[in-house]
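# Structure assessment
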Amino acid sequence: MAAPLSIQLEFGGGAELLFDGIRKHQVTLPSQPEPWDIRSLLAWIKENLLKERPELFVQGDTVRPGILVLINEADWELMGELDYQLQDQDNVVFISTLHGG
Amino acid sequence: MPAPVLCQSCGAGRAALRRPKTGQALCRECFVAAFEAEVHGTIVAARLFQPGETVAVGASGGKDSTVLAHLLRLLNQRHGYGLRLLLLSVDEGIAGYRDDSLDAVRRNRGRLGLPLHVVSYRELYGWSMDRIARHVGPKNNCTFCGVFRRQALDRGAALLGADKIATGHNADDVAETVLMNFLRGDVGRLRRCAGILTGSEGALPRCKPLKHAYEKEIVLYAYFQGLDYFSTECVYAPNAYRGHARTLLKDLEAIRPSAVADLVHSGERLAVREDVRMPTQGTCQRCGYLSSQPLCKACVLLEGLNRGLPRLGIGKPSRMQKVLTDAEKPEVGFREDSQQASRAIRTVDF
Ligand SMILES: [Zn+2]
Ligand SMILES: [Zn+2]
Ligand SMILES: [Zn+2]
């Protein structure tokens, strides 16, 4: 069993508009048999936080192309993307590049 | 927990991003330095500016123009370009949306210490976007928005005595436009859209210093530098065709990150056969703006609005041009003609 995790989520660049305009969310992920990774985090966000038009945020089991993900201030492409295993107190930022120039 | 990836440039810092163009992993400091150096390189290589020029930076409050204004101010100081920089914003008159984005521009003006000028649709055309939208309905207003915005920057910059306009178009925007013009077979636009410096006779020259900068890097640069920008979608329906081109491009980029740069390159390298007839550029009979037709698109749209026939300018150009240039002569017969025209008009080809 993985213990519950407390992490900080941040949405920006227009992505926050899908979350009631709220940028920062302090959340607790419940304990579950498998360790939490970004893939299961996205499923959790879709269930628990997304307020509208989920297709503008997730596509299949990943984020919609054009949404950048930073894990502890580093590009998720350097961190294993969907397979990154979350640690307690991690900070995950989602920034949309798809909104007006 | 995976070991942090080290920067491939300095070898010391923890890498903060993988660059889409090259795949290189860089730390924050090395990325910021490389990004600034590359934009400077673009400006120098394309000879975008001459010392002593006044450059109006189109400032929408969005990410691209915010990064552009920040970079131009920084590079102008660092490399002694000798430019006088101004921020120029267009107020379309969209309650809520534009008020908030203009606030973002004002905050940046304070931070950058550059003069800001705002020109409004109401003063330039006599119509705000909200009022236009009430007249033309929700489907067509982006045609108006786009056409009027383009001219508004020109007119505003001319009023300010600027020599040149700089816009925040990035590599993704250019790739998207190349793709759209290719899909539509619009040879005239295809040839022009990939250019970095356009327009000379009549209109003010326009340049795109961020033409080779990926959207991902612009957004991360803004994030790492703590730049404040506005990111709400325009409340009026965005151009659906562009939206699809954008999605297609983002899907391609996810599989092959060089797709964006490749499309920009294709746009630059495409040659148009000698025997292809290109539209001849003239100037608008009414306002003097560049136009391949007797009347420019803005004057046609405006005329339609003022005559209570707002859909006049939306559709086949030959038809509406005929209606309006005929109407320049006798007043009789105009009404019939224009009513037919507005009935015949259905598509938005923009
Ligand atoms: Zn470095
Ligand atoms: Zn619009
Ligand atoms: Zn005109």
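Everything numeric here is computed off the predicted structure, so don't read it as measured data.

### A look at the domain arrangement of chain B
Residues and elements named next belong to chain B.
- By the assigned domains, chain B splits into domain 1 (27-269) and domain 2 (282-349).
- If you look at the interface, domain 1 gives 16 residues, while domain 2 gives 14 residues.
- Carbon and sulfur atoms make up 71% of the surface buried where domain 1 meets domain 2, a total of about 1500 Å² over both sides.
- The interface formed by domain 1 and domain 2 includes 0 salt bridges.
- Here domain 1 is connected to domain 2 by 1 residue pair in polar contact (both at pLDDT 80 or more).
- In the side of domain 1 that touches domain 2, the residues fall into 8 nonpolar, 4 polar and 4 charged.

### What to know about the UniProt feature "binding site: ATP" (unreviewed entry) in chain B
Residues and elements named next belong to chain B.
- Sites flagged by UniProt as "binding site: ATP" (unreviewed entry) map to Gly58, Ala59, Ser60, Asp64, Val90, Gly168 and Asp173.
- Examined against the element boundaries, Ser60 turns out to sit in the loop between strand 3 (54-58) and helix 2 (63-79).
- A polar contact is formed between the side chain of Ser60 and the backbone nitrogen of Gly62, at a distance of 3.1 Å.
- Tracing the chain through its elements places Asp64 in helix 2.
- Using a relative accessible area of 2% as the deciding quantity, one classes Asp64 as buried.

### Concerning the sheet that holds strand 7 (residues 91-96) of chain A
- Taken together, the 5 strands give an open sheet; going across it, the order is 2-1-7-5-6 (chain A), and neighbouring strands pair in mixed fashion. The outermost strands of the open sheet, each flanked by one partner alone, are strand 2 (24-29) and strand 6 (74-75) of chain A.
- Relative to strand 7 of chain A, strand 1 (residues 5-12) of chain A runs parallel, the two being bridged by 5 bridges. Bridge pairing in strand 7 of chain A links Phe11(A) to Phe94(A).
- The sheet contacts of helix 1 (residues 38-48) of chain A involve strand 1, strand 2, strand 5 (67-71) and strand 7 of chain A, and relative to strand 7 of chain A the element is tilted by about 65°.
- Of the strands in this sheet, strand 1, strand 5, strand 6 and strand 7 of chain A are in contact with helix 9 (residues 215-224) of chain B, which crosses strand 5 of chain A at around 45°.

### Points about the pattern of salt bridges
Residue and element names in this part refer to chain B.
- Considering all chains together, one arrives at 28 salt bridges over all chains under this definition.
- For the salt bridge of Glu53 with Lys164, the shortest nitrogen-to-oxygen distance reads 3.1 Å. Separated by 111 residues along the polypeptide, Glu53 in the loop between helix 1 (28-45) and strand 3 and Lys164 in strand 6 (residues 164-166) bring together distant segments of the chain.
- For Glu53, a relative accessible area of 12% corresponds to the buried category.
- Look at Lys164 and you get buried, because its relative accessible area is 6%.
- Note that Arg206 is salt-bridged to Asp154, the shortest N-O span being 3.0 Å. A residue pair is termed long-range when its members are at least 10 positions apart, and Arg206 in strand 8 (residues 206-207) and Asp154 in helix 6 (residues 141-159) qualify at 52 residues. Taken as a pair, Arg206 and Asp154 share a single burial class, namely buried.
- Via salt bridges that share partners, Lys63, Asp64, Asp172, Glu176, Glu215, Arg246, Lys250 and Glu253 belong to a single interconnected network.

### Describing the pairing of strand 1 of chain A
Residues and elements named next belong to chain A.
- For strand 1, the buried fraction is high: 6 of the 8 residues fall into the buried class.
- Alignment of strand 1 against strand 2, held across 6 bridges, turns out to be antiparallel. Within strand 2, the position partnered with Gln8 by the bridge is Gln26.

### Re the sheet that holds strand 8 of chain B
All names here are of chain B.
- With mixed pairing, the 6 strands of this open sheet are ordered in space as 5-4-3-6-8-7. Here the strands that pair on one side only, and so sit at the sheet edges, are strand 5 (116-120) and strand 7 (197-198).
- Packing of helix 6 onto the sheet brings it into contact with strand 3, strand 4 (84-91), strand 5, strand 6 and strand 8, and relative to strand 4 it is tilted by some 135°.

### As for the coordination of the zinc ion (ligand 3)
Residues and elements named next belong to chain B.
- Within the protein, the atoms that donate to the zinc ion (ligand 3) are Cys284 (SG), Cys287 (SG), Cys296 (SG) and Cys299 (SG), at distances of 2.3 to 2.4 Å.
- Here the donor residues of the zinc ion (ligand 3) share one chain and are spaced in sequence as C-x2-C-x8-C-x2-C. Taken together, the residues span a long stretch of sequence, with Cys284 in the loop between strand 9 (282-283) and strand 10 (290-291) and Cys296 in the loop between strand 10 and helix 12 (297-306) at a distance of 12 residues.
- Relative accessible area serves as the criterion here: at 4%, Cys284 is assigned to the buried category.
- Residue classification places Cys296 among the buried positions, given a relative accessible area of 1%.

### Description of the nonpolar core
Residues and elements named next belong to chain B.
- Judged by nonpolar contacts, the single largest core of 49 residues is most densely connected at Phe31, Phe35, Ile43, Phe49, Val67, Leu72 and Tyr221.
- The residues touching Phe35, leaving out its near neighbours within four places in the chain, are Val67, Leu71, Ala213, Glu217, Ile218 and Tyr221.
- Among the nonpolar cores identified, the runner-up in size contains 35 residues, and Val90, Phe144, Ala298 and Leu305 belong to it.

### Re the packing of aromatic side chains
- As enumerated under the stated definition, the model contains 13 aromatic pairs over all chains in all.
- Judged by centre distance (3.8 Å) and plane angle (15°), the rings of Phe11(A) and Phe19(A) are stacked. Phe19(A) shares its class with Phe11(A); the two are buried.
- Relative to Tyr125(B), the ring of Tyr121(B) has its centre 5.5 Å away and its plane inclined at 80°; by these criteria the two rings are edge-to-face. Within this pair, Tyr121(B) and its partner Tyr125(B) are both found in helix 4 (residues 121-125), separated by 4 residues, close to a single helical turn.

Parameters and conventions
As a convention, each chain's residues are numbered from 1 in the sequence order in which they are written. In the order they appear in the text, chains get letters beginning with A and ligands get numbers beginning with 1. Local features in a predicted model are, by the rule used here, given only for residues with pLDDT of at least 70; side-chain atom pairs are given and counted only at 80 or more, and totals for whole chains, interfaces and linings are based on all residues. The basis for every side-chain value is the complete set of non-hydrogen atoms in the structure, without hydrogens or water. An automatic or database domain assignment supplies the start and end points of every domain. Any two residues whose heavy atoms approach within 4.5 Å at even a single point are treated as in contact. A quick way to say it: buried area is the sum, across both parts, of accessible area lost when two parts are put together, with a 1.4 Å probe. Only one rule defines a salt bridge in this text: a Lys or Arg side-chain nitrogen within 4 Å of an Asp or Glu carboxyl oxygen. Residues adjacent in sequence count toward polar contacts only when both atoms are side-chain atoms; beyond that, a polar contact is any pair of N or O atoms within 3.5 Å, and within protein one must be able to donate a hydrogen and the other to accept it. Each residue gets one label: Ala, Val, Leu, Ile, Met, Phe, Trp, Tyr, Cys and Pro are nonpolar, Asp, Glu, Lys and Arg are charged, and the others, such as Gly, are polar. UniProt positions are given in the numbering used here, feature names are shortened, and annotations may be inferred rather than shown by experiment. A helix here means a DSSP run of H or I that spans at least four residues, while a strand means a run of E at least two residues long, and both kinds are numbered starting from the N terminus. The cut-offs for exposure are 20% and 50% of the maximum accessible area for each residue type, with area from a 1.4 Å probe on protein chains only; residues under the lower value are buried, those over the upper are exposed, and the others partly exposed. When DSSP locates at least two bridges between a pair of strands, those strands are taken to pair. Note on geometry: axes are C-alpha line fits, over the in-contact stretch for helices, and angles between N-to-C directions span 0 to 180 degrees. Distances up to 2.8 Å from the metal define which N, O and S atoms are donors, and 3.2 Å serves for Na, K and Ca; water is absent from the atom set, so sites may look incomplete. Among the buried residues, those of types Ala, Val, Leu, Ile, Met, Phe, Trp, Tyr and Cys that are joined through side-chain atoms within 4.5 Å form a nonpolar core. Note on ring pairs: Phe, Tyr and Trp rings are taken, using the six-membered ring of Trp, and paired if centres are within 6.5 Å. Classes follow the plane angle, with under 30 degrees stacked, over 60 edge-to-face and the rest tilted.

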